[in-house]
Amino acid sequence: MDKPGLLVVGVLPDWDLTALAQRFTLHLLYEAPDRAAFLAQHGPAIRAIATKGELGADAAMMDACPGAKIIACYGVGVDAIDLPAALARGIAVTNTPDVLTEDVADMAFALLLATARAIPEGDAYVRTGTWARQGPMRLATRVWGKRIGIVGLGRIGRAIARRAEGFGMDISYSGRTRKDVPYAFHASPAAMAPLVDIFMISAAGGAGTAGLVDRAAIEALAPGAIFVNVSRGSVVDEATLVAALRSGRIAAAGLDVFHNEPAIDPVFATFPNVVLSPHQASGTVETRKAMGALMLANLEAHFGGKPLPTPVA
Ligand code: 8YV
């Protein structure tokens, strides 16, 4: 029997492509010079769509693949998938929660430590011989014991909070609802902003959080605050963030996510006090293998008529 056709929207590691190819006939959209022509040609053969957090799937893609009844997302964030369009077409959507939580929280702390302790600057200081020529580097900023405010205390936010406990931090959070946690709750990012030294964003993306960290929140930050975002660029009013970096109101920023990835606003690269990361928070071999395995498990379950391991509610 012919293997079902799988539309692969974005590049995946070879180990995933090898595993997927055993079960499906792969149609690699990311290799197509003309996406629309590729979808017109291969769409009728597609029975499932494998996409990625940042790439998603829109209604036009779904319409081009009328036989696809599942979209399996390699990533926890499904903000780039048109969920109402999937629902209207009876298409199941799955994602890869939990398996990436701890890595994303690690990256949040890596960016925090890199900015506060000026790790990239120190690295350059040694490499360029400045240390030997000029002596000790400037002093940096302490991390342990500081006040951290987390925007979005979901799975990833809680993992960040657990790490913050280990750093002896005073922890608060903002979110839609108060949670049963021993951390201070604030009704909005703007209410929390003036009360923290570290402003950490781990809210889910999507229409509900677009611009959640708005001008009011950024302008309310305590002078000298450190700003870290490991969620989605869309959560932040980026123009105001840039203005706050330019004016020096924010001491430093660690950013893994941006508007318009990967062609981000080049202004970010001009700030010496910003540490940039190319949307790599889940990017370890261990986690990416787990994400690929979970995506495949969802596809297998769908075609086996079994309950989906991680459907998107
Ligand atoms: C990406 C992510 O999916 O999980 C998410 O929502 O943003 C990431 O894990 C990852 O870059 C794979 O494309």
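Residues numbered from 1 in each chain as written. Predicted model: local features only at pLDDT ≥ 70, side-chain atom pairs only at ≥ 80, totals over all residues. Heavy atoms only, no water.

Asker: I keep staring at the overall build of the protein and nothing clicks. Help me out?
Answerer: Within the protein, the secondary structure is distributed over 12 helices and 12 strands. For 313 residues, the compact-globule formula gives about 20 Å, and the C-alpha radius of gyration of the protein, at 21 Å, lands near that figure. C-alpha atoms of the protein, sized along the principal axes, occupy 70 × 50 × 35 Å. For the protein, buried positions account for 47% of its 313 residues. The contacts in the protein between residues at least 6 apart in sequence include a share of 56% that link residues at least 24 apart. Accessible surface computed for the protein: about 14,700 Å², of which carbon and sulfur atoms make up 58%. Mean positive and mean negative side-chain charge positions of the protein (28 and 29 charges, respectively) differ by 4 Å. (Helix = DSSP H or I, 4+ residues; strand = E, 2+ residues; numbered from the N terminus. Rg over C-alpha atoms; globule rule 2.2 N^0.38 Å. Buried < 20%, exposed > 50% of the residue type's maximum accessible area, 1.4 Å probe, protein only. Contact = heavy atoms within 4.5 Å. Areas by Shrake-Rupley, 256 points an atom, 1.4 Å probe, with all protein chains shown as cover. Lys, Arg positive; Asp, Glu negative; His and termini not counted. Charge placed at Lys NZ, Arg CZ, Asp CG, Glu CD.)

Asker: Any chance you could explain the nonpolar core here in plain terms?
Answerer: Across soluble globular proteins, nonpolar side chains show a tendency to be buried alongside one another. Counting 47 residues, the largest nonpolar core has Leu112, Ile148, Ile150, Ile160, Met169 and Leu299 as its most contacted members. Per element, the largest residue contribution to this core is nine residues, and it comes from helix α5 (residues 101–116). Each of domain 1 (5–99 + 285–303) and domain 2 (101–276) contributes no fewer than three residues to this core. Apart from residues no more than four positions distant in its own chain, Met169 is found in contact with Phe109, Leu112, Val143, Gly145, Lys146, Ile148, Ala164 and Ile198. (Core = buried A, V, L, I, M, F, W, Y, C linked by side-chain atoms within 4.5 Å. Domains from an automatic or database assignment.)

Asker: Looking at this structure, how should I read the environment of Asn273?
Answerer: Its location among the elements puts Asn273 in the loop between β11 (250–255) and β12 (274–276). Distance from Asn273 to Leu111, taken between C-alpha atoms, is 12 Å for residues 162 residues apart in sequence. The residues touching Asn273, leaving out its near neighbours within four places in the chain, are Leu245, Ile250, Ala251, Ala252 and Ala253.

Asker: How should I be thinking about helix α11 (residues 238–247) in this particular structure?
Answerer: Note on helix geometry: an α-helix contains 3.6 residues per turn, so any two residues three or four positions apart are oriented the same way. Within α11, burial applies to Glu238, Thr240, Leu241, Val242, Ala244 and Leu245. Once α11 finishes, Gly248 follows within two positions and takes phi at roughly 85°, a positive value.

Asker: Sorry, what's going on with the packing of aromatic side chains here?
Answerer: The geometry of an aromatic ring pair is captured by two quantities: the separation of the ring centres and the angle between the planes. Under the definition given, this model contains five aromatic pairs. With 5.6 Å between their ring centres and 65° between their planes, Phe258 and Phe268 make a pair best called edge-to-face. A residue pair is termed long-range when its members are at least 10 positions apart, and Phe258 in the loop between β11 and β12 and Phe268 in the loop between β11 and β12 qualify at 10 residues. Lying over the aromatic face of Phe24, Arg23 brings its terminal NZ or CZ to 5.5 Å of the ring centre. The side chain of Lys289 reaches across the aromatic face of Trp15, ending 4.6 Å from its centre. (Phe/Tyr/Trp six-rings, centres within 6.5 Å; stacked < 30°, edge-to-face > 60°. Lys NZ or Arg CZ within 6 Å of the ring centre and 35° of its normal.)

Asker: Would you explain the sheet that holds strand β10 (residues 225–229) in this entry?
Answerer: Strands pair in a sheet through their backbones, by hydrogen bonds, and they do so in one of two ways: parallel or antiparallel. Read from one edge of the open sheet, seven strands run β8-β7-β6-β9-β10-β11-β12, paired in parallel fashion. At either margin of the open sheet sits one strand with a lone partner, and together these are β8 (184–186) and β12. Each strand of the sheet is rotated relative to its neighbour by a mean of 15°, with strand direction disregarded. Sheet strands in contact with helix α8 (residues 155–166) are β6 (147–151), β7 (170–174) and β9 (198–201), and its direction is about 170° off that of β6. (Pairing = 2+ DSSP bridges. Axes fitted to C-alpha atoms, helices over the stretch in contact; angles between N-to-C directions.)

Asker: Any chance you could explain the packing of helix α1 (residues 14–23) against helix α12 (residues 285–303) here in plain terms?
Answerer: When two helices pack together, you describe them by how their axes are tilted relative to each other and by the distance separating the axes. At a minimum axis separation of 10 Å, α1 and α12 run at an interaxial angle of 15°. Of the possible angle classes, the one that applies to α1 and α12 is roughly parallel. Where α1 crosses over α12, the handedness of that crossing is right-handed. Two secondary-structure elements touch here, α1 through Trp15, Asp16, Ala19, Leu20 and Arg23 and α12 through Val285, Arg288, Lys289, Gly292, Ala293, Met295, Leu296, Leu299, Glu300 and Phe303. Among the residues making up the contact of α1 with α12, the classes are represented as nine nonpolar, one polar and five charged. (Parallel < 35°, antiparallel > 145°, perpendicular 65-115°, else oblique. Left-handed = near helix turned anticlockwise from the far one by under 90°. Nonpolar A, V, L, I, M, F, W, Y, C, P; charged D, E, K, R; others polar.)

Asker: Which parts of the structure should I look at to understand the pattern of salt bridges?
Answerer: Should the charged atoms of two oppositely charged side chains come close, the side chains can pair. Under the definition given, this model contains 11 salt bridges. Glu300 is paired through a salt bridge with Arg23; the nearest N and O atoms lie 2.8 Å apart. With Glu300 in helix α12 and Arg23 in helix α1, the pair connects residues that are 277 residues apart, well separated along the chain. Note on Arg23: relative accessible area 26%, which makes it partly exposed. Where Arg163 meets Glu102, a salt bridge forms, and the shortest distance between an N and an O atom there is 2.9 Å. Highlighted residues: Arg163 in helix α8 and Glu102 in helix α5, separated in sequence by 61 residues. A residue is classified by how much of its surface remains accessible, and Glu102, at 33% relative accessible area, is partly exposed. (Salt bridge = Lys/Arg side-chain N within 4 Å of Asp/Glu carboxyl O.)

Spatial relationships are all this shows, so hold off on functional conclusions.
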